[in-house]
Amino acid sequence: MTEITTEKQWPDNALPIESMDMDAQGVGHRADGKVVFVDGALPFEVVRANVHRKKDNWEKASLLEVLHESSQRVTPGCPHFGLHAGACGGCKMQHLDAAAQIAVKQRALEDNLWHLGKVKAETILRPIQGPAWGYRYRARLSVRYVVKKGEVLVGFHERKSRYVADMRQCPILPPHVNAMLMPLRKLIGSMEARETLPQIELACGDHVTAMVLRHMEPLSAHDMDALRAFAVQHKVQWWLQSKGPDTVCLMDGALGEPLSYALPEFGITMPFKPTDFTQVNPHINRVLVTRALRLLDVQPTERVIDWFCGLGNFTLPLATLAREVLGIEGSEALVARSGENYVFNQANRDKPLAPTRFVARNLFEMTPELLCQDGSADKWLVDPPREGAFSLVQALAELHQQPELRQGWTPPKRIVYVSCNPATLARDAGVLVNSAGYRMSFAGAVNMFPHTAHVESMAVFDLI
């Protein structure tokens, strides 16, 4: 990107934009130094903006006019994206070139690591990226029957609003799901329960598409028949949810081919249920798993622990390389599911997987004692939720600072940390580097969610 030219005289109310923040807002400074966040503005643009919120140290504004346009500004790929009334809030960066989006996310990662964790990676990894469109294999679509219009809306919420956007297409969804949006609206509109169907949760596998319909009243025979006809026509599985997540069940109870995704490089197939946590972007997930295991550099003689293991997305590929693997997860239900996936893959392989055990543990209440109880491991893979793994790395730091607590336990030589929140990664990296005896060898961004401000990343820590 080129810097803003100073040759032209801009109006007094012109605002130069210097960068982009984690909410995809342009960031500029007034002449008096006050920070202004501008929705819709891009780095190195000069804009006029309408301030709608003022605080002592900052202001928030919406874009009125671009006086000097960034060379990275592009035409959004979806007509529902923008700042206009009713615009969809699912994406925030469609007006920025895809390569520039990745650069912004990489910068956000590095800024967080330094400002929050006081750490810098010795080597910056090349960002992981994939298809910019049709990637979103998981989505929670809101449903609303608008009585006054006699029309059904199915989609994401409007930008900064609780209302459902009038979405007629969504190019970040897989093409076959995008093509279903208008038929879904017609289907819901034809149902007797249309006013009490608040949500459809989408889950796509490699070969099966499932939809979980939240219904607040029992469905009539007419409505069930309508769902069955739609399922046949559009080749989807309907699952029904009458109350909480534990009430989700397959409609009619007869399961054909189950949902699953493959990790072909490792010969692994992962069956899952539509409410299980799986990565939104399967294209990036394959690359992510491959890079994580390559960086971990697991040897056939090594024991590895996979913290926050979920369904075994990293655990089972690790079991194709290591001597022994331990998967640790907070949810008893996920521990059971990961065990089932291990058995399934073990039965369908020529070369057996390494001995692998799964245990449930509250990973937000880790102690040095519990850490020692799980035994020493040569390598760790850590893949926490947005809250990060502070309790885990703090326990590791305590064992580093108080060797008398170890009783024969030894720390891992290498840790690969996969993060969906650069702020908590930075916090945890600060503990590992400044208190636990590690150096940060590598770090890089992962563009798991193109056109959104969400930053996924990966970092590698080596014992000094």
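Look a little higher up for the structure.
It should be emphasised that the depicted structure is a prediction, and the values quoted were computed from it without experimental measurement. (Residues numbered from 1 in each chain as written. Predicted model: local features only at pLDDT ≥ 70, side-chain atom pairs only at ≥ 80, totals over all residues. Heavy atoms only, no water.)

J.: Break down the environment of Ser71 for me, citing the residues and quoting the values.
T.: Along the chain, the position of Ser71 falls in the loop between β5 (58-68) and α1 (98-117). Among the residues examined, Ser71 registers a relative accessible area of 54% and is labelled exposed. Only 3.4 Å separates the side chain of Ser71 from the side chain of Gln72, close enough to count as a polar contact. (Helix = DSSP H or I, 4+ residues; strand = E, 2+ residues; numbered from the N terminus. Buried < 20%, exposed > 50% of the residue type's maximum accessible area, 1.4 Å probe, protein only. Polar contact = N/O pair within 3.5 Å; in protein donor to acceptor, adjacent residues only side chain to side chain.)

J.: Which residues make up the side chain of Thr209, and what values go with them?
T.: Relative to the elements of secondary structure, Thr209 occurs in strand β10 (residues 209-214). Relative accessible area serves as the criterion here: at 7%, Thr209 is assigned to the buried category. Here His176 takes part through its side chain, which lies 2.7 Å from a polar atom of the side chain of Thr209.

J.: So, helix α9 (residues 390-401): which residues are in play, and what are the values?
T.: If you check α9, its first and last C-alpha atoms are 16 Å apart, about what 12 residues at 1.5 Å a residue would give, namely 16 Å. The complete set of buried residues in α9 reads Ser391, Leu392, Val393, Ala395, Leu396, Ala397 and Leu399. Lining the buried residues of α9 we find β15 (303-307), α8 (368-373), β18 (379-382), β19 (414-419), α10 (422-435) and β20 (438-446). (Expected span 1.5 Å × (residues − 1). Contact = heavy atoms within 4.5 Å.)

J.: An account of the nonpolar core is requested, with residue identities and associated values reported.
T.: In this structure, Met191, Leu213, Leu219, Leu227, Trp238 and Val416 are the most contacted members of the largest nonpolar core, which totals 89 residues. Here this core gets 7 residues from one element, more than from any other, and that element is helix α5 (residues 282-296). Residues contacting Val416, with those up to four places away along its chain left out, are Ala292, Leu295, Leu296, Trp380, Leu381, Val382, Met458, Ala459 and Val460. Residues Ile328, Trp380, Val382 and Trp409 belong to the second largest nonpolar core, which totals 37 residues. (Core = buried A, V, L, I, M, F, W, Y, C linked by side-chain atoms within 4.5 Å.)

J.: Outline the sheet that holds strand β1 (residues 15-20), listing residues and values.
T.: The strands making up a sheet are joined through hydrogen bonds of the backbone, oriented either antiparallel or parallel. Strand order in this closed barrel of 5 strands is β1-β2-β3-β5-β4, and the pairing throughout is mixed. Strand-to-strand twist across the sheet, computed as the mean angle between neighbouring axes with direction ignored, equals 50°. Pairing geometry for β1 and strand β2 (residues 25-29), over 3 bridges, is antiparallel. In the sheet register, Ile17 faces β2, and the bridge partner there is Gly28. (Pairing = 2+ DSSP bridges. Axes fitted to C-alpha atoms, helices over the stretch in contact; angles between N-to-C directions.)

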